[in-house]
Amino acid sequence: GAKYNELIINGEYWRLLTPIFLHIGLMHLLFNQYALAIFGREIESLFGTARFAAIYLLTGLFGSLASFAFSPAVSAGASGAIFGIIGAMVAFLSRNRKEFGERGREQSRSLLIMIGLNIFLGVTVPGIDNYGHMGGLFSGLILGALLSPTYALQQVQNPPSFKVVEQPPLLATPLVVVLTVGLLIAGTQLAMGIAP
């Protein structure tokens, strides 16, 4: 079930999905589960279960697709989807930067430092699939921007006060999913021509 380019080229397209749920070794599994517990819970609480699931699966697929297109190495793991969730968190904080103020800026800086450290590790440590990470991250930034809820203060008359109101995302989740699946299909066809 791992991402294995030759088998994908020969028609086993499901190998773009199954690596999201497989891991190479116990430490790999435990590290990804820890990251998912931290970031996944937060994104699910902010975006809701349906949008979280869509972001997780679609960014995982984009991570696999980027790895397929640019790396001949066999790979597996949820890292692309986890980077997608982190990208969605960065997009959420960016869209709500006014409401979250300095706390949001600090969290964004922490996430960007963590992303930078992981890219550095991916470049310097053999066996890390940086292409999968970057595919997940960039698709997470885009999907996060499209699906992110935003918040606004609304004045209440009786008694005079303010309440926080959630604004809908830029696009409806089903539309984003359909458009993204279309991009994945087109991207897979394109990647078939350039995969190493």
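Above this text sits the structure in question.
Residues numbered from 1 in each chain as written. Predicted model: local features only at pLDDT ≥ 70, side-chain atom pairs only at ≥ 80, totals over all residues. Heavy atoms only, no water.

Draft legend 1. Seen up close, helix H6 (residues 130-147). The first and last C-alpha atoms of H6 sit 25 Å apart over 18 residues, in line with the 26 Å expected at 1.5 Å per residue. The inward-facing, buried residues of H6 contact helix H2 (26-47), helix H3 (49-70), helix H4 (79-95), helix H5 (97-124) and helix H7 (173-194). (Helix = DSSP H or I, 4+ residues; strand = E, 2+ residues; numbered from the N terminus. Expected span 1.5 Å × (residues − 1). Contact = heavy atoms within 4.5 Å.)

Draft legend 2. Up close: the pattern of salt bridges. Applying the stated rule across the entire model yields three salt bridges. We note a salt bridge from Arg-105 to Glu-102, for which the minimum N-O separation is 3.2 Å. Taken together, the positions of Arg-105 and Glu-102, both in helix H5 and three residues apart, correspond to about one turn of that helix. A residue is classified by how much of its surface remains accessible, and Arg-105, at 41% relative accessible area, is partly exposed. The partly exposed category is assigned to Glu-102, whose relative accessible area is 37%. Across the pair Glu-102 and Arg-109 runs a salt bridge, and its minimum N-O distance is 2.8 Å. Judged by relative accessible area, which is 43%, Arg-109 ranks as partly exposed. (Salt bridge = Lys/Arg side-chain N within 4 Å of Asp/Glu carboxyl O. Buried < 20%, exposed > 50% of the residue type's maximum accessible area, 1.4 Å probe, protein only.)

Draft legend 3. Here's a closer look at a nonpolar patch on the surface. Side chains of Leu-26, Met-27, Leu-29 and Leu-30 sit close together on the surface and give an oily, nonpolar patch of about 420 Å² of accessible area. In this structure, Leu-26 sits in helix H2. (Patch = residues over 30% accessible without salt bridge, like charges linked within 9 Å, V, L, I, M, F, W, Y side chains within 5 Å. Areas by Shrake-Rupley, 256 points an atom, 1.4 Å probe, with all protein chains shown as cover.)

Draft legend 4. Representation of the environment of Asn-130 in the model. For Asn-130, the position within the fold is in helix H6. For the pair formed by Asn-130 and Phe-120, sequence separation is ten residues and the distance between their alpha carbons is 9.4 Å. Each residue touching Asn-130, except ones within four places of it in the same chain, is listed here: Asn-118, Ile-119, Gly-122 and Val-123. There is a polar contact of 3.3 Å between the side chain of Asn-130 and the backbone oxygen of Ile-119. (Polar contact = N/O pair within 3.5 Å; in protein donor to acceptor, adjacent residues only side chain to side chain.)

Draft legend 5. Broad picture of the side chain of Asn-32. Within the secondary structure layout, Asn-32 lies in helix H2. Polar side-chain contacts of Asn-32 include one of 3.3 Å to the side chain of Ser-79. With near-sequence residues (within four places) excluded, Asn-32 lies in contact with His-23, Gly-77, Ala-78, Ser-79 and Ile-82.

Draft legend 6. Structural detail: the side chain of Ser-139. With respect to the helices and strands, the residue Ser-139 is situated in helix H6. Classification of Ser-139 as buried rests on a relative accessible area of 9%. Setting aside residues no more than four positions away along its own chain, Ser-139 makes contact with Thr-59 and Phe-62.

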